[in-house]
Amino acid sequence: MADRTVLVVEDDPALRQVYADVLRDDGWHVHAAGDGVEALGILRDGVRPCVAVVDLRMPRMDGWTFIDELRKGPWHELPFIVLAAHYQVQEEARRIGARWWLQKPVGIERLLDMIDEACTSEPPA
């Protein structure tokens, strides 16, 4: 795996910290943001993650809007994993074109597997 950098976009500070700690313990370099605005700032500063882990429901800029911004910008090929607490996460993820999604509470091993897959798979044609 060439790049082990992950962008975590989660408004809950405790969850954001848990995800970051687990990823770091697994050898990932983590950049964390509390919302889409902060995440776009990280990307504009030149960080090039191999995947973004994105909560959908956040204040200021939610995950849907953040993903729309990704698609319009130079990061349009950045894969993302959608996280959400609501029961319709699978339908929401499909609607926005996510290849990967998890319903909260997130199984950490499953999240790590998805990140590995997202960072090593070819983009869809």
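Structure report, in brief.

Cut-offs applied
Residues numbered from 1 in each chain as written. Predicted model: local features only at pLDDT ≥ 70, side-chain atom pairs only at ≥ 80, totals over all residues. Heavy atoms only, no water. Helix = DSSP H or I, 4+ residues; strand = E, 2+ residues; numbered from the N terminus. Expected span 1.5 Å × (residues − 1). Contact = heavy atoms within 4.5 Å. Pairing = 2+ DSSP bridges. Buried < 20%, exposed > 50% of the residue type's maximum accessible area, 1.4 Å probe, protein only. Right-handed = clockwise from strand over helix to strand, strands pointing away. Salt bridge = Lys/Arg side-chain N within 4 Å of Asp/Glu carboxyl O.

Here's the deal with the environment of Gln-90
Locating Gln-90 in the fold gives a position in helix α4 (residues 89-95). Along the sequence, Gln-90 and Pro-79 sit 11 residues apart, while their C-alpha atoms lie 16 Å from each other.

Points about helix α5 (residues 108-120)
Under the 1.5 Å per step criterion, the end-to-end length of α5 is 18 Å for 13 residues, consistent within 8% with the ideal 18 Å. Contacts from the buried residues of α5 go to β1 (5-9), α1 (13-25), β3 (51-55), β4 (80-84) and β5 (100-103).

So, the pairing of strand β2 (residues 29-33)
Note: β1 against β2, 5 bridges, orientation parallel. In the sheet register, Val-9 faces β2, and the bridge partner there is Ala-33.

Digging into the pairing of β3
With 5 of 5 residues buried, β3 lies mostly within the body of the structure. Of the two faces of β3, the one holding Val-51, Val-53 and Asp-55 and the one holding Ala-52 and Val-54 are both buried throughout. With 4 bridges connecting them, β1 and β3 associate as parallel partners. Its bridge partner being in β3, Leu-7 is matched across the sheet by Ala-52. Of the pairings in the sheet, the one linking β3 to β4 comprises 4 bridges and is parallel in character. Of the residues in β4, the one forming a bridge with Val-54 is Val-82. Regarding the hand of the β-α-β motif, the stretch spanning β3, helix α3 (residues 63-72) and β4 is right-handed.

Description of the pattern of salt bridges
Pairs can form between side chains of opposite charge whenever their charged atoms are close. In this structure the tally under the stated criterion is 5 salt bridges. The closest approach of N and O atoms between Glu-10 and Lys-104, which form a salt bridge, is 2.8 Å. With a gap of 94 residues between them, Glu-10 in the loop between β1 and α1 and Lys-104 in the loop between β5 and α5 connect regions that are remote in the sequence. As far as burial versus exposure is concerned, Glu-10 and Lys-104 are alike and both buried. The salt bridge partner of Lys-72 is Glu-69, with a shortest N-O separation of 3.0 Å. On the criterion of helical spacing, the pair formed by Lys-72 and Glu-69 is a turn pair, its members being 3 residues apart in helix α3. Note on Glu-69: relative accessible area 24%, which makes it partly exposed. Taken together, the shared-partner salt bridges connect Glu-10, Asp-55 and Lys-104 into one network.

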